[in-house]
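Geometric and topological summary
Read off the chains here:
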Amino acid sequence: MDKLNQVADGVWVRQSEWVWTNSVAVRGEDGLILIDPGIDGSELDQLADDVDRLGIPVVAGFSTHPHWDHLLWHSRFGDVPRYATPAAAHVAGQARARAQAMAAESASGVPVDLVALVTPLPPDGGPVPGEIIEHQAHAVGHAAVLLADRGVLIAGDMLSDVLIPLFDSRQDDQMGAYEAALDRLGEAAGHVDVVIPGHGAVAEGPEVAARLAADHAYIDALRRGAEPVDARLGPHADWLSGVHRSNLEQARGR
């Protein structure tokens, strides 16, 4: 996917080459909200071209969680408010220098001065439409956005077909956090036909339930002390082996 594609009424997705990262544009009452735009500078510029073609002004940005690849921006999107949950905004502010360094190292042409400039989302959600579903799996203050009226769940770094659950080593009991998050996302998924993960293919129809089942099965296996049987792992995904080992060690209390 190399252009902005409409997946539901007023919801568009553009996928980056870097770890299949999804940038999401959502039409709100006053204009577009850009969610997790990325990744490198040329792709951000192409995303700006796509947004220009829509002819809808960008009024805000939203970061689903405080990891560098979800904290990016481009001057062409405008000097507009950029939000995250209060907990995520706090972490992003504290770790801004690290996020800037990681962005500069991992992606080319990123406007480093614009990395991680997010503020706490107001309690009423401000310009971000739908319901914010906050949890502590994967990252502090991680949020999904449920657009029930459009049948869409924007899941952040959850419910991916290419990424296994990724534990946050700075937080205790990530298995419990994932179980709680998946329960909440499962309730939300009952209202949607489309799930947009932070990385990987957009899920539609029966694939939505399959994504939930895959993440549940992975966590359940860790809970039982077993090796997960997961299609996302294997020789084709050596790049996930270190993350998986880290998950196993955290599950075993090491």
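Going by the structure above, here's the rest.
So, here is what we can say about the structure in this document. Values in this document were obtained by computation on a predicted structure and should not be read as measured data. (Residues numbered from 1 in each chain as written. Predicted model: local features only at pLDDT ≥ 70, side-chain atom pairs only at ≥ 80, totals over all residues. Heavy atoms only, no water.)

Leu153, Met158, Leu159, Leu185 and Val195 are the most contacted members of the largest nonpolar core, which has 33 residues in total. For this core, the secondary structure elements donating two or more residues are β9 (142-147), β10 (152-156), α4 (174-189) and α5 (206-223). Considering every element that reaches this core, the biggest residue donor is α4, with 8 residues. In this view, leucine 185 contacts Ile133, Ala144, Leu153, Met158, Leu159 and Leu212; residues no more than four positions away in its chain are not counted. (Core = buried A, V, L, I, M, F, W, Y, C linked by side-chain atoms within 4.5 Å. Buried < 20%, exposed > 50% of the residue type's maximum accessible area, 1.4 Å probe, protein only. Helix = DSSP H or I, 4+ residues; strand = E, 2+ residues; numbered from the N terminus. Contact = heavy atoms within 4.5 Å.)

Summarising the element assignment, serine 160 is placed in the loop between β10 and α4. Judged by its relative accessible area of 5%, serine 160 is buried. Among the polar contacts listed, one links the side chain of serine 160 to the backbone nitrogen of valine 162, at a separation of 3.0 Å. Polar side-chain contacts of serine 160 include one of 3.0 Å to the backbone nitrogen of leucine 163. When sequence neighbours within four positions are dropped, the list of residues in contact with serine 160 reads Pro197, His199, Gly200, Arg211 and Arg232. (Polar contact = N/O pair within 3.5 Å; in protein donor to acceptor, adjacent residues only side chain to side chain.)

Glancing now at the side chain of aspartate 69. Along the chain, aspartate 69 turns up in the loop between β5 (58-62) and β6 (82-84). For the buried aspartate 69, no salt bridge is present, and the opposite-charge side chain at shortest range is arginine 98, 9.6 Å distant. At 3.3 Å, the side chain of aspartate 69 forms a polar contact with the side chain of histidine 199. Filtering out sequence-adjacent residues up to four positions away, aspartate 69 remains in contact with Trp18, Pro37, Ile39 and His199. (Lys, Arg positive; Asp, Glu negative; His and termini not counted. Salt bridge = Lys/Arg side-chain N within 4 Å of Asp/Glu carboxyl O.)

Next up on the list: the sheet that holds strand β8 (residues 131-135). Pairing in this open sheet of 5 strands is mixed, and the strands run β8-β9-β10-β11-β12 from one edge to the other. Unpaired on one side and paired on the other, β8 and β12 (203-204) mark the two borders of the sheet. (Pairing = 2+ DSSP bridges.)

This brings us to unusual backbone geometry. In this model, glycine 38 is joined to isoleucine 39 through a cis peptide bond whose omega is 5°. As for its placement among the helices and strands, isoleucine 39 is situated in the loop between β4 (32-35) and α1 (41-54). Even without being glycine, tryptophan 20 reaches a positive phi, approximately 50°. Examined against the element boundaries, tryptophan 20 turns out to sit in the loop between β2 (11-15) and β3 (22-27). With phi around 75°, histidine 138 is a residue other than glycine that occupies positive phi space.

What follows is about the pattern of salt bridges. In a structure, side chains of opposite charge can pair up when their charged atoms sit close to one another. All chains considered together, the criterion is met by 13 salt bridges. Notably, a salt bridge pairs arginine 14 with aspartate 50, separated by 3.2 Å at the nearest N-O pair. Of this pair, arginine 14 sits in strand β2 while aspartate 50 sits in helix α1, and the two are 36 residues apart along the sequence. For arginine 14, a relative accessible area of 5% corresponds to the buried category. A relative accessible area of 8% means that aspartate 50 is categorised as buried.

Applying the stated criterion across every chain, the model contains 4 aromatic pairs. The interplanar angle of 65° and the centroid separation of 5.1 Å between the aromatic rings of tryptophan 18 and tryptophan 68 together place this pair among those described as edge-to-face. With a gap of 50 residues between them, tryptophan 18 in the loop between β2 and β3 and tryptophan 68 in the loop between β5 and β6 connect regions that are remote in the sequence. (Phe/Tyr/Trp six-rings, centres within 6.5 Å; stacked < 30°, edge-to-face > 60°.)

To continue, consider the sheet that holds β2. Across the sheet, 7 strands lie side by side as β1-β2-β3-β4-β5-β6-β7; this open sheet has mixed pairing. Strands at the two margins of the open sheet, each flanked by one partner only, are β1 (5-8) and β7 (119-120). Note that β4 and β5 share 4 bridges and pair parallel. Residue isoleucine 33 lies in a different strand from β5, and its bridge partner there is alanine 60. Running over the sheet, α1 touches β2, β3, β4 and β5 and is turned about 155° from β2. (Axes fitted to C-alpha atoms, helices over the stretch in contact; angles between N-to-C directions.)

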